[in-house]
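Spelled out, the chains give:
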Amino acid sequence: MQIVADENIPLLDQFFSEFGDIVRVPGRTMTAADVADADILIVRSVTQVNEQLLAGSKVKFVGTATIGTDHIDLDYLEKAGIGFRSAPGCNAQAVVDYVLSALSVLVDSRGIAFTELSVGIVGLGNVGLLLRNRLEEMDVEVIGVDPFKDPEDVGVLSSFEEALSADVVTFHTPMTKSGDHPTWHMLNAETLAKMKPDACLINAARGAVVDNAALLEHLKANDDFSAILDVWEGEPEINTELLDYCWLGTPHIAGYSLDGKMRGTEMVYHGVCEFFGLPIRCKLAQFLPEPGIKRVNFTEQAPVHQALRTAIRAAYEIRVDDGVLRSAMRRSKNLRETFDRLRKEYPLRRDTPTLRVGVPARAHDLMDALTSAGFDVRTK
């Protein structure tokens, strides 16, 4: 068999070489000619998979190593009898780490503790629900909204308007333009006006969930309002004026942990094995390397809030990626190429649970706070 895959997907050889020849191509510019002889196609969110790409090809199975599927024409795949597998939840921990890092910077800037924030979570899928559970364990007030969920599965559900009343509103939805609850531009001039004047918006979902033009005008008119964007309308050619007005901006890397990316590849591998009736011979644990930072230790003298934010940023420091994006955009002669290069060359980080945190056995409050934030806490 021939496997055509986005060149930026990790562990292709380790998981798929036993099935046949692997052909790597740039995902952004993948064409019908690239996939014509493929039996298996593996993509990321930058590749639109539809009849235009696949018609006349030999493709029998499509896998996307992403949680979202808005780049896949699922109806066409079903009609064409092409197997499919996505990777729901593969990078949920990474996105939660991203949001926690953003919140740690926010509470520092306001001189408050995490527990003094209210957070509205729009979308309670794999990412949103994990974030909700994590924040509630940290005693943060959460206002969750998702019209497609049952309260018995995800906890108390509120209205979108109630979520907009929170100190922080963070989006974790797919991008849809049809159905009963489309998400395209669900945050627009009208709904932005319903948020607090000093609220903080976080979007690590899809760029078009937020009307970027309306957001820019809102930021210009409201000095106390802040925005943290990982995703942008018009990617990879982003609005640099909007970036200038954002408090923090990153190049669509919220879910780019090594663990999450490799987990996505493994999930697609399982889908291939299931579809073709092949045995599962490989497991992710065989390939995960040692984390760069294995352990952080605290003494009894460490204030709980200080230790919490230090550990969160040891796992992931959002301000580094913000600085890299701004610097690259200022120097760039081609915004599209620069944005894609930042994603392609991103130095993959590790998920929070891979970081062991040492605390004294008697520091119960510190131990509880760090455990609630998802760390592997060890007494010393």
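Residues numbered from 1 in each chain as written. Predicted model: local features only at pLDDT ≥ 70, side-chain atom pairs only at ≥ 80, totals over all residues. Heavy atoms only, no water.

## Concerning the UniProt feature "active site" (unreviewed entry) in the protein
Feature annotation in UniProt assigns "active site" (unreviewed entry) to the following positions: Arg206, Glu235 and His252. Look at the named residues: they lie 47 residues apart in sequence, but the longest C-alpha span between them is just 10.0 Å, so in the fold they bunch up. Assignment of secondary structure puts Arg206 in the loop between β9 (200-203) and α10 (212-221). In this structure, Arg206 is in contact with Ser45, Gly68, Asp70, Thr173, Met175, Val231 and His252, ignoring residues within four places of it in sequence. The topology assignment puts Glu235 in the loop between β10 (226-229) and α11 (240-245). A residue is classified by how much of its surface remains accessible, and Glu235, at 21% relative accessible area, is partly exposed. (UniProt positions renumbered as here; feature names shortened; annotations may be inferred. Helix = DSSP H or I, 4+ residues; strand = E, 2+ residues; numbered from the N terminus. Contact = heavy atoms within 4.5 Å. Buried < 20%, exposed > 50% of the residue type's maximum accessible area, 1.4 Å probe, protein only.)

## Points about the packing of aromatic side chains
Evaluated as defined, the whole model comprises 11 aromatic pairs. With a centroid separation of 6.5 Å and an interplanar angle of 55°, the aromatic rings of Phe61 and Phe276 are classed as tilted. With Phe61 in strand β4 (residues 61-64) and Phe276 in helix α12 (residues 258-276), this residue pair connects regions lying 215 residues apart in the sequence. Between Phe160 and Phe171, the aromatic rings sit 6.4 Å apart at their centres with planes inclined by 75°, giving edge-to-face as the arrangement. Here the residue Phe160 occupies a position in helix α8 (residues 160-163), and Phe171 occupies one in strand β8 (residues 168-171), the gap between them amounting to 11 residues. Here Phe160 and Phe171 have matching classes, each one buried. Among the aromatic residues, those joined into a ring-pair cluster are Phe15, Phe16, Phe19, Tyr269 and Phe287. (Phe/Tyr/Trp six-rings, centres within 6.5 Å; stacked < 30°, edge-to-face > 60°.)

## Topic: the pattern of salt bridges
Side chains that differ in sign of charge can pair as their charged atoms come close. Applying the stated criterion to the full structure yields 24 salt bridges. The shortest N-O distance in the salt bridge between Lys196 and Asp167 comes to 2.7 Å. Here Lys196, found in the loop between α9 (189-192) and β9, pairs with Asp167, found in the loop between α8 and β8; they are 29 residues apart in sequence, far enough to count as distant. Note on Lys196: relative accessible area 30%, which makes it partly exposed. (Salt bridge = Lys/Arg side-chain N within 4 Å of Asp/Glu carboxyl O.)

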